[in-house]
Structures are given as C-alpha cells and as structure tokens.
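# Observations on the three-dimensional arrangement
Below are the chains, spelled out letter by letter.
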Amino acid sequence: MTYTTGNQPETTDIIIIGGGVIGASIAYSLCKYELTVILLEKQSDVALGATRANSGIVHAGYDPPPGSLMARLNVEGAAMMETVCKDLDVLYFKCGSLLVASGEKEDAVVRDLYARGIQNGVEGLEVLSGDEARQHEPALTAGITSALYAPSAGIVNPWELCIGLSEVFIRCGGKVMLNSEVTAIERSGDGFLVRTSSGSYLAKRVINAAGLYSDTVHRMVAEDDFSIIPSRGEYFLLDKNQGSAVNGVIFGCPTPDTKGVLIARTVHGNMIVGPSSESIADKDDTATTAAKLDEIRSRASQLMPSINFRDNIRNYSGIRANPSTKEFIIREVPSVPGFFEAAGIKSPGLAASIAIGRHMTGLLKASGLLLIQKQSVRDNPALLRRTIVRFSRMSPESKKALVASDSRYGRIVCRCETVTEGEVLDAIHSPIPARTIDAVKRRTAAGLGRCQGGFCGPRIASLLASELAILPTEILQDKPGSYIFTGPTKDIELTTSATQTKKVSI
Amino acid sequence: MNAELVVIGAGPAGLAAAAEAYREGVRDILLLERDALPGGILNQCIHNGFGLQIYKEELTGPEYAARAFDELRGTSVVFKPDTMVLSISPDRVISALNHTDGYFEITAGTIILAMGCRERTRGAIAIPGSRPAGVLTAGAAQRYVNIEGCMIGREIVVLGSGDIGLIMARRMTLEGAKVLACIELMPFSSGLQRNVVQCLQDYNIPLLLSHTITDIKGRERVESVTVSAVDENRRPIPGTETHYKCDTILLSVGLIPENELSKTAGISLDPRTGGPIVTQDTQTSAPGIFACGNVLQVHDLVDNVTLEARKAARAAASFLRAQGTPEPSFTIPVNPGEGVTYTVPQILTMPPSGKTIEIHFRVNRKFGGSEIILSNGQGNVLKRFPREQMTPGEIERIVFPSSLLPDPAPPSLVLTAQSLTPAKEVNPL
C-alpha cells in the first residue's frame, strides 16, 4: 500500500468508498475496463464491516417482495455466484436451503413464500412434507410439518469473496487505499474532491458503498433522504462435529415479529446458528449478550434438539445496514450527478452482491461513462481469475508435489484447519498484505478452528514479526489498539524474529 | 515407509511410550512430533513439582522432558520433529507431513496415540460481551511468556481455577503483572490443592468460588470485566455484579483430549472423557491402536501420564509379539455410577490379560470419608475401597486382582462413590 500525502490530490476516473463486499464487487465489475478506479477503505483491511460477520448465506430469493430491486438482484446474484467463486477460488457450496414449518399457521407461510418465490423467478422451489424435509436434514425435529426447499441457495465465505474480488481488481490495475476514511466530499468542476484521512482525490464519479455509514457519506454531498438503522445479529459458531449434523441451510419459519433463526453448515464445515435481531444505537458495537445468545439457543434447539452447544467455539455478532426505505438504494443521486450509491444493502445483500456490481456498472454506463475493455485483460483473461493454495483441500498426490517443490508448505502452522506456513506467507505477501493476526485468519482460515488460535497464534505472530520486520509488541490482533503484547518479559530483549529453529537429534 | 510402532506425539506420554516399547524389545519405532522440540507442553511449564514419583525428585517441566528424552538416547527410536500427522486409517496407515520428507505415508504394525489435549476457549463457555484482544487461554499465555518472552498484559483476571490458570496467576505476578482475582464457577477449585495454596494464597490473589464472568468490555483491547456470583445451578445471580478494570483475561476453563486424528481412524470416543474408549490394556476400538496420556483422559500429574504410557507401550509390544491381540471371548463394560464422572478403561476384555486390573476415574464433587464401591450390573457389591477424601481435581484409582471378578463374569461393572462422613468444607482461603 502506498499513501498519497501532500497537497496534490490524485486524479482518477472513479472513486469507490467502502471496501466491503459491495464496494469490492463494484470494483471487480469495473476492473476490466479502461478506467482508473480507486477504492477507499477506512480500516486496515477490506471486509471489516458487515461483510466480516453475517450468515454467509446465498439466499435463493423467495423472501424479498416481488417486483423489488432486492428480489431481482438477489435472484440474479445467486445465479452468478457459482461462476464468480470458481473464478476467484472462493469457497462456495450450492447446498440448497430448507425453510421449515411446524403447524398449520407456519405451513401457510411456506406456501406463501413458495408463491412469492415463483413470482420472483426462483428456480427449482419445492414444498416438501415433514418427512421429505427430514430426508434432507435428518436432525430436524419430528415436529416439522412442511418445508420450502430451495436448491439454488448456497453458502459462501463472505470475507474471502470480498478479498478475492479486491485482489482481482488490484491485479487488473485498480488501487485499494487502506486506512483512508473519507472526511469530506466537495464538488469540484464537473467532478468531486474526496478528502480522506490519508490524502485527497479528484474524480469524475464517486460511488458510495460505505455500508453502515453510507448515510453519513451521502450527507457529505447530498440532501438527507435516507438513513441506515443498525441492527445487530448475534451468532454461535460450533465445531465441525456439529457441522456434520447439517447438510445445508435450515431456516426457522419467520413470524410477524422475527425472521426466524437459521442453522447452517459453513464453508469450513462448522455449524453456524443465529442470528438474533436487535436495534442498537452504536454502529460499531459488535458485542454479544447473554439474553440474545440464550434466545438463539432455545429457538434453534426447537428445530434441532440434538445441537450440542458445548461444542461452541466462538460467538460473534454483525451489524446489518438496514435502510429506512426498506429497499436497496442503488442509484445515481438525481440532485448530484456523478454521485452514485449502493446503500442500505441488507440481507440478501451478500447473495445479490455480484449482481449489484454489474447493476452499478450499468448505471455508470447509462450516465455516459465509456466502457472499453482493457488491452491487458483482452490479452490475458486469466487476470480476472485468482487461485490460492488451500493445502487442506488438496489430494495426497498434489500435497506431495507441492511440498516437494516448496518445503514451506510442509510445515503446519494451524493444526485445526491444517494451514501451512507457506499459506500464511502467501497471505502476508498477497495483493492486500495481511498485517495482523486476524487478517491472516481471513485469508487462510488459520485460527478459525476449534482452538481459536491458541496453538497457531504464537506461530503466526512470529511469522508476522519476521516477515514484516516488526517487534512483537507491534503486532495487532486486528484494528489499531488491539495489541497483543505489552512488552518483553523481565530481562529479555525482544528481537524481530522469535522463531525457534533448533533441531534435535538422538 | 513401514514401522513396527509409530508413536504420535513426543510429549511426556509419547516419550515414555517409545522408551518403554524399546525396553520391551520393539526396535523399529518411529516417534512423530509436530513441534520442533520434544517434550510437548512440558517445555513451557517452567515451574517445578514434576517427577516426584517417576524420577524421585522435584523437577521443572523442561527437566522432566529432558529426562524422558534421555531415556531414548542410544536406542534405535527414530524421532521426527516438525512433523504433522494428517490422518490415520483404521488399518494403521498414517499420512504425515514435514518440510524435509514432504508428504509421506507410514504403514504401522501398531500405533500409540499420545497427542495430548487442548484448552477450552471462550466460545466453549459462551462468555458474552465484546471480543477485544487480551482474552486468551492460560496455556497460550504461558507459551507467550515462557517461550516467546512476551508479556501479555499488566492487569489480569483469571477465569477458572484449573492448574494452568493457577500456575499462570503466580507466573504473571512474578513477571510484575497485577492479578486481580481468580474466578471459579464451581464451589471448589478444579486444580490441585497444593497449587491453590502455592499460586494464589501465597500471593494474596483472591479466589472467588461460585462466580463467573458475565461481560467483557473494551473494543480493541480488554478494558474491564464484569464478575457475578452464580446460584447452585451455575446461573449468574442478578445484582451481584462486580467490575474489574483490567487489560487481560486468562481462561483456564478445562482441557479437551485432542482426538481429531483418532476420529480419522474411526476410533470410538467416550463423550465423558473426550478420549477413546479403551480396554484395560489401553487398546482403542481400532485393533493395534493404543492411547495414553491426555489424549485418553486429562491427567492431574505428569508422573501418571508416564505410567499410563508405559502400560500402553507394553500392550503394543505384546500386540506385536502376538501378531495381533487374541480375540477376547467377551467384554464387560465399566460404567460410572453415582458420584463418578467417568472411568478409564471403559471396557474390560475377558479373560483378563493380567493378574490385576486398574481403573482410573474422577469423582464429581468433594468427598470426605467415603468409599468407592465396585459392583456388578445387578447391584451386588464386589469390593469396597475406603477413601479419606476425594476431589474432582485429582484422578482416583482402584486396583484389584482379576480373580475378584466372579465366574461367570457379570454383564457389567459399576463404580460408585459414597460418602460416609460429610465432606469438610475446605475453603482454601
């Protein structure tokens, strides 16, 4: 990363504000064209807002009101997800979803949602009997009387998707500026001057994809016509022995008051249970609470009594960016030509993300932006793809060959997720270099498993220290202030490399 | 690659198993260790108190590890450090990985599992609140402080009074940190009594029994914790909240035998111990695969790990000599009854292979004068074992002659603990 300092603003065709999955998807959609695009992210990494903590579900699209933009982009986005994840080497499984009902009242909801799904153009929907539902998900309680089966639903790793999109954007010439919080946007000629905590930029067009803060960014340049109402959702993440008890995604039946709890397998094979829903005042308050965790536990146990919450490995919460308009806000703001936004992207925003990128590109084109494919991309279409080493998923033969060619892949750093030293080093030297323990986790899954970094934490800290030539005390868990060490122990001088390499022989 | 015996893990269990198997005449032994050094968790246990039983003197963890490793010198045991075992098949083919041999497979005549255990994390007990840096398990903290030389905090609250938590409370104090309190959910410490005295009492660190952490505050780094008293059902009692300003929370909330590899071999596990179900010879449900140390049951003293490992090694050696274990004519399950949490072994093979049978177990609460009752499945008492006191923090054991089992053998055995006099309320502070 380079910082733009000094007084001279950097000029670019397009500025994207926000490095979540929406900003990254827009960047990805634009990266093949002959344009200069800069993505601004206030945090030290991409994917640190709502993208970091959500259900990771690619919804089929039967839920949004027919005729809404949400419905259209959800169904389109879900259909695009498989190809994009393949191109970007992002974990995605089209495992299907079941929305389960128990009793006549809920059976009626299932039938209504089926009808809505048909209207929305969701393919393959089926209403199943309780027994048929239990054939899909044997751990479901006997009380389930019917279910809506959506084979096009899936699960994806949301932060990995965001990182993959951003990396390809960079490979194709895009620029991601981290630690760059937008502080002001001013009209400048027929474009905008965007001031950030790290420098200023001049751009003809600005795209607001600032997630929870998209209302704040909107108000920097346009009249206040919507707000983002933060809503917190808490989760349990259970060990893989629980994950194997579920085959795909199970939704409880929504009631007028609640959307219903979900139980799903994650792309890493764990089980996720949640979310709660609670309006909060602070957009950054991702704490969990005993009351909401209890509520999730009891609701999930009603659907699947066999869940063993003793196998919980982590609780977390994420904040939904709910728009006051109850609909995605994706537009060129009429009163401010050149200022575009993709705001209020609540659920099914992840499922819709790829379609939102494409839709935004369409809006830009409609505003007169010339879209010409880049020569470099035309010459080398592989630029639009990404592959990473994922040791744990390789065949024994490939593992053998890889370790023989590069011994760094012969050292396991994270034993729970079987992540090698080579993969951690890859992450540290990736297009958006991992500089914190959690940034490594987001890129490699090291520390995501059942011991929660107890084993790999010290090893990753030591790799970060030696690769980045920093002191252990400079290593952060994630955001600034999340220091891990307070200093050396008595009488010990910290060095930049604490790796133990001494060998022992008998 | 082939080996007569592969020992997985070179902590105290694996080291003792390899040495004993050699003494038993096994020559083709491969000892695999994922760390760069042998010794396992002992390397970071720089306090003393190890080895009184095995080496008849008080040693530190690294000294104990060195002694155990020394027993391998001059033997034909091949030690491979930095080597990670990825899977074991039921027919004993091991796939492993290191940076010199690459990815390789070993066909083993017999296997001893000695992978140890891991710590329960914050998630296991679902502590609500924010998720800042500064919440870590006591064992991870111990590694940072004792091996990496990094201080992990200045003002510390310890949750859980397991031995590692107690040891780290003292260690952090000696390193100049302020340990504000040790919080224990249960009405008793789960650690050794001597550690409660030597690590908390001697340093005036308060032990709050029947308390837990109910909230954590601090966005990027811990700023404070809320501690509440709990009722007899371990539910927090509203209105009892106390707040501690601190930058670090150490968790010592239990250990889990590390059996992910055992699962790849299809070995049956006991939900009570978290370890494999074994016979009195430590043989798992997979023939020729034995287990010992903390992967089998979480131990209280390393000396007992060594003894259990030697037993496993003798069983493995005899398995090799006999070209397999003779099929037992039948088996008897050993079940924990009232007052008993678990038993190891969980199964006795009949006819018994040795002259005596040893059963390890833990009790579920403190006992004063009491007796352990071994009975058959129909309620008939076979033998009573008197005890002056028992505590969940320490492994109990009974040994009885195989001849005690009546002929024909009972369908099952049950172990119960019964109080004779009420337990003395020993509040350590």
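Only a predicted model underlies this, so the values are computations on that prediction, with no experimental measurement involved. (Residues numbered from 1 in each chain as written. Chains lettered and ligands numbered in written order. Predicted model: local features only at pLDDT ≥ 70, side-chain atom pairs only at ≥ 80, totals over all residues.)

Before going further, it helps to examine the overall build of chain A. Broken down by element type, chain A carries 14 helices and 23 strands. For chain A, the C-alpha radius of gyration of 23 Å lies close to 23 Å, the compact-globule estimate for 506 residues. Considered along the principal axes of its C-alpha atoms, chain A spans approximately 75 × 65 × 45 Å. When the 506 residues of chain A are sorted by exposure, 55% land in the buried category. A separation of at least 24 residues holds for 71% of the contacts in chain A among residues at least 6 apart in sequence. (Helix = DSSP H or I, 4+ residues; strand = E, 2+ residues; numbered from the N terminus. Rg over C-alpha atoms; globule rule 2.2 N^0.38 Å. Buried ≥ 20, exposed ≤ 12 C-beta atoms within 10 Å, placed from the backbone. Contact = placed C-beta atoms within 7 Å.)

Another aspect to go through is the overall build of chain B. When helices and strands are counted, chain B shows eight helices and 28 strands. If one aligns the C-alpha atoms of chain B with their principal axes, the spans along those axes are about 65 × 60 × 40 Å. For chain B, buried positions account for 52% of its 429 residues. A separation threshold of at least 6 residues defines the contact pool for chain B, and within that pool the share at least 24 residues apart is 65%.

Here the focus is the interface of chain B and chain A. Think of interface size as the accessible area that goes away when the parts come together; that is how it is often given. Across the contact, 48 residues belong to chain B and 51 residues belong to chain A. Looking at the side of chain B that touches chain A, the elements that each hand over two or more residues are strand 6 (84-88), strand 7 (93-98), strand 8 (102-113), strand 9 (117-119), helix 3 (122-125), helix 4 (138-148) and strand 11 (150-151) of chain B. With six residues, helix 4 of chain B is the single largest residue contributor to the side of chain B that touches chain A. When its residues are assigned to classes, the side of chain B that touches chain A shows 22 nonpolar, 14 polar and twelve charged. Two elements, strand 23 (residues 487-488) of chain A and strand 11 of chain B, share two bridges in a ladder whose sense is antiparallel. If you follow Pro488 of chain A over to strand 11 of chain B, its bridge partner there is Cys150 of chain B. (Nonpolar A, V, L, I, M, F, W, Y, C, P; charged D, E, K, R; others polar. Pairing = 2+ DSSP bridges.)

Residues and elements named next belong to chain A. Remark: helix 2 (residues 69-88) packs on helix 9 (residues 349-366), axes separated minimally by 6 Å, with the N-to-C direction vectors making an angle of 100°. For the element pair helix 2 / helix 9, the angle class is roughly perpendicular. Contacts from Leu73, Asn74, Glu76, Gly77, Ala78, Met80, Met81 and Val84 in helix 2 reach Ala351, Ala352, Ser353, Ile354, Ala355, Ile356 and His359 in helix 9. When its residues are assigned to classes, the contact of helix 2 with helix 9 shows ten nonpolar, four polar and one charged. (Axes fitted to C-alpha atoms, helices over the stretch in contact; angles between N-to-C directions. Parallel < 35°, antiparallel > 145°, perpendicular 65-115°, else oblique.)

This part is about the sheet that holds strand 4 (residues 92-93) of chain A. Ordered by their spatial adjacency, three strands build an open sheet running 3-8-4 (chain A), and the pairing between neighbours is antiparallel. Of all the strands in the sheet, the pair left with one neighbour each is strand 3 (57-58) and strand 4 of chain A.

Our next topic: the packing of helix 1 (residues 21-30) of chain A against helix 5 (residues 158-171) of chain A. Residue and element names in this part refer to chain A. For the pair helix 1 and helix 5, the least separation of the axes is 8 Å and the interaxial angle reads 30°. Crossing of helix 1 over helix 5 shows left-handed handedness. Every residue of helix 5 that contacts helix 1 at Val21, Ala24, Ser25, Ala27 and Tyr28 is listed here: Pro158, Leu161, Cys162, Leu165, Ser166, Val168 and Phe169. Among the residues making up the contact of helix 1 with helix 5, the classes are represented as ten nonpolar, two polar and no charged. (Left-handed = near helix turned anticlockwise from the far one by under 90°.)

Turning to the domain arrangement of chain B, a few remarks are in order. All names here are of chain B. Each domain of chain B was delimited in the assignment, giving domain 1 (2-118 + 256-325), domain 2 (121-253) and domain 3 (340-419). Between domain 1 and domain 3, the C-alpha centre-to-centre distance is 26 Å. Residues of the side of domain 1 that touches domain 3, tallied by class, amount to three nonpolar, six polar and four charged. (Domains from an automatic or database assignment.)

Residues and elements named next belong to chain B. Spatially, 10-18-12-13-14 is the arrangement adopted by the five strands of the open sheet, whose pairing is parallel. Two strands close off the open sheet at either side, each with one partner strand: strand 10 (135-137) and strand 14 (207-208). Examined bridge by bridge, strand 13 (residues 178-183) and strand 14 share two bridges and lie parallel to one another. Paired with Ile183 across the strands is Leu208, a residue of strand 14. Strand contacts of helix 5 (residues 163-174): strand 12 (155-159), strand 13 and strand 18 (248-251), with the helix running at about 165° to strand 13, the strand carrying the most contacts.

Moving on: the domain arrangement of chain A. Residue and element names in this part refer to chain A. Segmenting chain A into domains produces domain 1 (1-91 + 155-226 + 324-387), domain 2 (92-154 + 228-321) and domain 3 (391-474). Placing the centre of domain 2 and that of domain 3 at their C-alpha centroids yields a distance of 32 Å. With four residues of domain 2 at the contact, the number on the domain 3 side is five residues.

All names here are of chain A. Looking at where Thr51 falls in the secondary structure, it is placed in the loop between strand 2 (37-40) and strand 3. By the C-beta count within 10 Å, which is 27 here, Thr51 ends up buried. For the pair Thr51 and Gly20, spaced 31 residues apart in the sequence, the C-alpha separation amounts to 5.7 Å. Once residues within four sequence positions are removed from consideration, Thr51 is found in contact with Gly20, Val21, Pro158, Trp159 and Cys162.

To continue, consider the pairing of strand 18 of chain B. Residues and elements named next belong to chain B. Of the two faces of strand 18, the one lined by Thr248 and Leu250 and the one lined by Ile249 and Leu251 are each fully buried. The pairing of strand 10 with strand 18 spans three bridges and is classified as parallel. Across the sheet, the residue bridging to Thr137 is Leu251, located in strand 18. Looking at chain direction, strand 12 and strand 18 are connected through four bridges and run parallel. Residue pairing for strand 18: Ile156 is matched across the bridge by Thr248.

The subject of this paragraph is the nonpolar core. Counting residues in each nonpolar core, the largest one holds 162 residues, and the members touching the most others are Val7, Ala17, Ala18, Ile29, Ile112 and Ala114 of chain B. Broken down by element, the residue count for this core peaks at nine residues, all from helix 8 (residues 302-321) of chain B. When residues no more than four places from it in sequence are discounted, the contact partners of Ala17 of chain B are Val7, Ile112, Ala114, Cys292, Ala309, Ala312 and Ala313 of chain B. Counting 128 residues, the second-largest nonpolar core is a separate cluster that includes Ala47, Met81, Val90 and Val176 of chain A. (Core = buried A, V, L, I, M, F, W, Y, C linked by C-beta atoms within 7 Å.)

It is worth spelling out unusual backbone geometry at this point. With an omega of -10°, the peptide bond between Gly274 of chain A and Pro275 of chain A qualifies as cis. Backbone torsion omega between Ser347 of chain A and Pro348 of chain A reads 10°, so that peptide bond is classified as cis. Position of Pro348 of chain A relative to the elements: it lies in the loop between strand 20 (339-343) and helix 9. Phi is positive for Thr418 of chain A, which is not a glycine, with a value near 50°. Within the element layout of this structure, Thr418 of chain A appears in the loop between strand 21 (412-414) and strand 22 (419-420). A tally of 23 C-beta atoms within 10 Å means that Thr418 of chain A is categorised as buried. With phi around 65°, Thr282 of chain B is a residue other than glycine that occupies positive phi space.

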